[in-house]
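Each chain, letter by letter, is given below.
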Amino acid sequence: MDNSADSGMARPRRASDFPYRSELLANLSALILLWDSPAFQGDVLAASGESIDQQAHATLRHLLAWGPMRPTALAEVLATGASHVSKIVRRLEADGWVQRTTDPSDRRATLITLTEAGEAAAHGVYALGDRMIAEVLDGWSESDVHTYTELTARFVKDAITSAEKMLERGLLPSRK
């Protein structure tokens, strides 16, 4: 595969691509860039024979996880603009997967809500993720999967706690 920066093909990401002192951070960066890449997600969906596109996939995933969302919040989590979210929502409405409802906390605002068919489609999105992780872990022992899962849960909990502190103080050294 061509590794040049201007190549039309996505190049593999390796921890060595990232000059962090922390090997853990370099590995996480490589993984996040790969799995969060719209091109990768879209290519995997297409190769899976799925009719859903990457943007609809992400929208359904977020709505099932977090419940009804205002279009502005949806635009934020999808890292896109309001006009693009409107297009995505119109496509999902046409498929019968989402509907617009009034926000009960502010009758002037709109919420994007999954329909019953949308919930079923969103569960299908999560099933794709389950198949993906099963393939990654194929060949791992049950004990290794259990240990890695426990350590990852601990890491995520600590990372969330740390992120909350960073939002308060920035990246200044913590005062213990």
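Residues numbered from 1 in each chain as written. Predicted model: local features only at pLDDT ≥ 70, side-chain atom pairs only at ≥ 80, totals over all residues. Heavy atoms only, no water.

**Q** Would you mind going over the overall build of the protein with me for this structure?
**A** Scanning the protein from N- to C-terminus turns up 7 helices and 2 strands. When the elements of the protein are put in sequence order from the N terminus, they spell out α-α-α-α-α-β-β-α-α. Seen through its principal axes, the protein has C-alpha atoms that stretch 50 × 45 × 40 Å. Within the protein, the proportion of its 176 residues that are buried is 23%. Long-range contacts, defined as pairs at least 24 residues apart, comprise 38% of the intrachain contacts of the protein with a sequence gap of at least 6. Of the charged side chains in the protein, 19 are positive and 24 negative; the average position of the first set lies 10 Å away from that of the second. (Helix = DSSP H or I, 4+ residues; strand = E, 2+ residues; numbered from the N terminus. Buried < 20%, exposed > 50% of the residue type's maximum accessible area, 1.4 Å probe, protein only. Contact = heavy atoms within 4.5 Å. Lys, Arg positive; Asp, Glu negative; His and termini not counted. Charge placed at Lys NZ, Arg CZ, Asp CG, Glu CD.)

**Q** Is there a simple way to think about the environment of leucine 34 in this case?
**A** On the secondary structure map, leucine 34 appears in helix H1 (residues 23-35). On the basis of relative accessibility, which here comes to 34%, the residue leucine 34 falls in the partly exposed class. Put simply, leucine 34 and alanine 163 are 129 residues apart on the chain and 22 Å apart in space, counted from C-alpha to C-alpha.

**Q** Mind showing me how you'd approach the pattern of salt bridges here?
**A** Note on pairing: side chains with opposite charge can pair once their charged atoms come close. Using the criterion set out here, one finds 6 salt bridges in the structure. Here arginine 70 and aspartate 103 are joined by a salt bridge, their closest N and O atoms 2.9 Å apart. With arginine 70 in the loop between helix H3 (54-66) and helix H4 (71-78) and aspartate 103 in strand S1 (residues 98-103), this pair connects stretches of sequence that are 33 residues apart. According to the relative accessible area criterion, arginine 70 is partly exposed, its value standing at 31%. Taking the relative accessible area as the measure of exposure, aspartate 103 reaches 7% and is therefore buried. Shared partners join several salt bridges into a network, and the residues in it are Arg70, Asp103, Asp106 and Arg108. (Salt bridge = Lys/Arg side-chain N within 4 Å of Asp/Glu carboxyl O.)

**Q** How should I be thinking about the packing of aromatic side chains in this particular structure?
**A** The geometry of an aromatic ring pair comes down to the distance between the two centres and the angle between the two planes. The full count for this structure, using the stated rule, is 1 aromatic pair. Geometrically, the ring pair formed by tryptophan 140 and tyrosine 148 is edge-to-face, given 5.7 Å between the ring centres and 70° between the ring planes. (Phe/Tyr/Trp six-rings, centres within 6.5 Å; stacked < 30°, edge-to-face > 60°.)

**Q** Can you walk me through the side chain of threonine 115 in this structure?
**A** Note on placement: threonine 115 falls in the loop between strand S2 (106-114) and helix H6 (116-137). Looking at threonine 115, its side chain comes within polar contact range of the main-chain oxygen of glycine 96, at 2.5 Å. In terms of polar contacts, threonine 115 uses its side chain to reach the backbone amide nitrogen of glycine 118, at 3.0 Å. Residues within four places of threonine 115 in sequence aside, it is in contact with Gly96, Trp97, Val98 and Gln99. (Polar contact = N/O pair within 3.5 Å; in protein donor to acceptor, adjacent residues only side chain to side chain.)

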